Structure formats: C-alpha cells, structure tokens
Amino acid sequence: MNGITRRRFLGYIAGLASASSVPLTLLSDPRQAIAGVAYNPGSSSVLKDIEDMINQWSMEGAQRFAGDKLEPSNELQWQRLIDFYFPPRDKTGPVPYCTSVNAANLCPSLRYVDEMVQWVDNVLARDISFPLRGELATASQAYATDAIKTWIGQGASTCAPPCLMALTRNTTEGNNILNNGLVDSGYFNPSQDNVVVWDQNHPTNFQAWKYRKATKKWDDGSVRIIGTDLFAQQPSSNMRIPSDPQSIDPIIKALDTAMDKHTRVVSLSWQSNECGMLLPMGDVVEFIRKKYGNNVHIHADSAQTFGVLDLKLGGLDVDSIAGSFHKWPCGPKMVGLLYMRADNSPAERFLPNNWGYDEYIKTPEDYGYDAAKGEIDADAKRFSYLGQQNDATLVSTWITALFHTGRFHPNVNPKVIENRIAHLGNLTKDALYAGLPQVIKDFKERPYYYIATPTTHASLRSSVFLFKTPPGIDPGSVMQHVYTEHGYAIAALAGLLRIAPTINNTKTDIDNVVKAVIDVIKKMQKGKLPKNIHQRSYA
Ligand SMILES: Cc1ncc(COP(=O)(O)O)c(C=O)c1O
C-alpha cells in the first residue's frame, strides 16, 4: 500500500468507526470494545458477544426510532433511517462518495452489517480454533437462517437439520445448483420433458438452459422460451409478453401457450433485471397448479425480489427461490440464499452437484446418510454442503435479517420496505416523465416506446426502470458521465440505461439522478461531453 492509499484507507476505517456508536478500539480488540466483554481466547463466547451487540443495537433503535412509523412518503423519517443505518455520505473515505441508485446490481451494506463483517474478521484474525468457528457456524446456520425464515414469511423454527434453506455464494450459484440438480436427479428428463423459461430471465437462468441444451445435445423442444415484445403494449403472438402489459392476461396466456403436459420445470425471474417487469407470481403459480398440478417445479429467481417484496413464502406455492444479500437487502457482499419448500418434498427432486461439507465441517454421512449408498438429506439441507465459506459474511446475514424484521429500527418490516420501494418506483416514473421529454420529442405520446419497464400498471413493477437514450447517445457513455460528473452509480445494459433505487435512496436522490442523466444527454448532444467512451454493458 503506498502512502496516500494507506492514509485514505485508515481515514475510511476511522470514518466507519466514528459514524457508529462503536468506539474505534473495536479495531484492536473487537470483543472488549463492542460488548464490554474481556477478550479471553478459549473461554469467552463469541455468540454471546454477538448477541450483546445485537441487544445494544436493538435498544438504540427502540429509543431513537419508536415514533418513526415509516409511511412510504415520509422523506424525513426515511432520511433519518438512512443517516443512522447506512455508511455516511462524507468525504473521508478512500474514494469520493458515489450515491448508488443501482440496487438491481449491488447496494451499500447496512452499517451494522459492515461492522459485524469487520468484527468477525478481526476475531478470526486472532482465533481460528474449531470451537470458536463452531459458535460462528451456529450464528449463521441456526440463528441467521431462523431469522431469515421469519423475514421471508416461513415462520421461525429450530434450524437444526432438517433445514429449508442454505446460504450460498449468490443467486448465480443458487440458480445453477438448483437447475443442474433438477437435471442430475433425473427429475427433469430432456428427452421427454420440457422446461419453460422467459427471455427476460437473468443469463444464469436463461442462457444457462441454452448451454445445457446445446452441450448435452438435448431435444429441440426441451427448452421453451416465452418471448418479450419490448416497448410494446400488445403482444405480437400468444407466446410473447409486451413490456407494458395492459393486464396480466398476456402473461398468463404466454405461459399457457408455452406449457404442456410434459412441462416439468417453470423457471422465471420474479422481477426481471432486464426489463424491470415484476411477474404476478401469485397468479402465475395459481394458473400452473390449477392446470398442471404439483408435479411442475416452479423456481422463482428472486435476485430482484428478495429484500424488495414481502415475500410471504409460507403462503405462496413456489418450490424454490434464489437470492443475493448484496443487492436489495443491503446485506453482506457475496452471500446468497437458496430456499426450497419442504412440505411437498420438492427438495427430493434435486440432486446436489456439490459433495462437500457444511459449516460444522460435517458431511451428509456425519448426519447418518450412507455415502456408499448415495444417501443424502431429503430436505434442503442438501444445499449446505458447500465447503468452507466466509464466516464474517455468513454471520452478517443474521444482522441483515434482524434489520428487515424490525429488531433494530422497530418499525421496519418486509411490508414497510415493499411499500417504500414501490413508492420510490412511482417517484422514479414521475421523474422520468418530467425529464425524458426534454431530450426525446415524442416521449409524451408513447412513453412505453421509450421505457422498457411497465408504466401502465404499478403492480407489474417495483423500482427497476430501464429506458432508452435518444438516437446517437450511447447509454454506456451516459452512465460513465453520470458517475464522473455527478457522482451517481447507475447501469447501462442491453442498449438501455437502468435506475434502481431502494431504501438507501431518497426522493432527492431520484430527482437528482434523473436530472444528472438529462444534463449529461444534453451536453453529449451539444458535443460538450464525449460519446462512445464506455462500451461495456452491466446487468
Ligand atoms: C434476476 C437475477 N438473477 C440472478 C442474478 C445474479 O445475481 P448475483 O450476481 O448476485 O449472482 C441477477 C443479478 O443481477 C439477477 O438480476
């Protein structure tokens, strides 16, 4: 580390510590500093220390925020939440602060999450004994998964095996573990079955199926694709969905056309990162179950709905979901969630493609399943044999789940988050409707021709908005200039720009980021900012 970089780094660490209620000494002696517990390797309990921190943070939140009910449009109260629970937007860090309006890709982590990651890392720098790591495993595999179940509407339970979920690396891994597992088990037999996917699925759940088909030489009809007519209000055929549907009918019709009695898997992005459409998953599932029963495995890729919607999975008949903590939940980086229902035993349809061990350094055989006979847990515990992972980020999923269920700010809950994000979506639409006509002449006559996200029905979107730039203005360069000139992180993908605000954003952020986009486009049109300087596209 050279001198300047090192100074910036230390400044950043100091900024983190001073912004929090935790003294700076945290960095030298984590347990003593945070929990007031003497650090005594071999005898003190990290689990107890973590619980002490949680209790302290809980008391702080109860005192500070009891009166903040967090109505979706109460900017003052949301600003107070952001100021307290997110890293400070100041100039003391290693790089100038950049406001993220790109939750569909990555979010800043909650401050307590950052602190817990750092704290566990510091503990592990001093003690990597098995007894200590066993406690950390209990924090992540028992307490965290229990809290996550409550969060996603599954109700708490003891999380000793059998478990319903595993903490994976990210949604990419979750989608692939699951989809490969359905094939490997023989549940999905490509010579007689078909899988239905949507062309607005993320590549990990769309191109991945094309790769499986091509590399394993599956039959032609084995992968059926529901298409999307972008920038349209009417579908061009029965198996296509317009990007601004006038009702849910074309969605159900496309599904009906794609499926037949040989459909064994329907695998859809619950909300698309590519066009921003939020599928009416309740209606989709109801249609499939009514017409084709329980033997179709329904996978809802929830990278764009975990931490967005009040998922209430206990009442929704999807078989599995995958999600990432580093997007909307504002959790730790590079941790994912893979959940599978246990009641109808859909996990039995799945064969793991990992033969590893879990956080307690245990294999399936250690739990009584005979490896020689190919026995494995019948439940979703089978997802959890992933070898060693990062204890610091895994433990911090617990903190994320506690935040979303009101343990810290007492009035946060999944419905409050869903309502706020929906409100931010409406504000984004308003801002785009005010800004885009300044650079696109006929925008007002046909907004759906310029915005890929549903605008007619708010229930078919949340706050992921993709839109066109005027002819000759490349989105990659707009994204680059919005970053360098105005300090906002947005995305450019598939020839479009994307803005995706979440709970770390305010109305002001949304108004300002759209103003920044319009300002940059105008300057590019006048030749005051260069074009074609950033060619990459980011989903
Ligand atoms: C719908 C969807 N699925 C999967 C992924 C992959 O997520 P990750 O990068 O966290 O693996 C993304 C990422 O944007 C996504 O939007």
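Reading guide: rules and limits
- Residues numbered from 1 in each chain as written.
- Predicted model: local features only at pLDDT ≥ 70, side-chain atom pairs only at ≥ 80, totals over all residues.
- Heavy atoms only, no water.
- Domains from an automatic or database assignment.
- Contact = heavy atoms within 4.5 Å.
- Buried area = accessible area lost by both parts, 1.4 Å probe.
- Salt bridge = Lys/Arg side-chain N within 4 Å of Asp/Glu carboxyl O.
- Polar contact = N/O pair within 3.5 Å; in protein donor to acceptor, adjacent residues only side chain to side chain.
- Helix = DSSP H or I, 4+ residues; strand = E, 2+ residues; numbered from the N terminus.
- Buried < 20%, exposed > 50% of the residue type's maximum accessible area, 1.4 Å probe, protein only.

Undergrad: Quick question: what am I supposed to make of the domain arrangement of the protein here?
TA: By a frequent convention, interface size equals the accessible area lost on bringing the separate parts together. Taken domain by domain, the protein comprises domain 1 (3-81 + 110-150), domain 2 (152-395) and domain 3 (414-525). At the interface, 24 residues of domain 1 touch 28 residues of domain 2. For the domain 1 face of the interface with domain 2, the top three residues by lost area are Gln141, Ile148 and Lys149, together amounting to 35%. For the pair domain 1 and domain 2, the number of links is 1 salt bridge. The salt bridge partner of Arg133 is Asp391, with a shortest N-O separation of 3.2 Å. Where domain 1 touches domain 2, the interface holds 10 residue pairs in polar contact (both at pLDDT 80 or more).

Undergrad: When you look at the pattern of salt bridges in this model, what are you seeing that I'm missing?
TA: Two side chains carrying opposite charge are able to pair once their charged atoms lie near each other. Per the counting criterion, the structure on display carries 25 salt bridges. One salt bridge in this structure joins Asp229 and Arg240, with 2.7 Å as the shortest N-O distance. Residue Asp229 is found in strand β4 (residues 223-229), and its partner Arg240 is found in strand β5 (residues 240-242); the two are separated by 11 residues along the sequence. The exposure class of Arg240 is partly exposed, given its relative accessible area of 27%. We note a salt bridge from Asp317 to Arg341, for which the minimum N-O separation is 1.9 Å. A residue pair is termed long-range when its members are at least 10 positions apart, and Asp317 in the loop between β7 (297-301) and β8 (320-324) and Arg341 in the loop between β9 (336-340) and α11 (391-404) qualify at 24 residues. The exposure class of Asp317 is partly exposed, given its relative accessible area of 25%. Of the residues examined, Arg341 reaches a relative accessible area of 10% and is grouped as buried.

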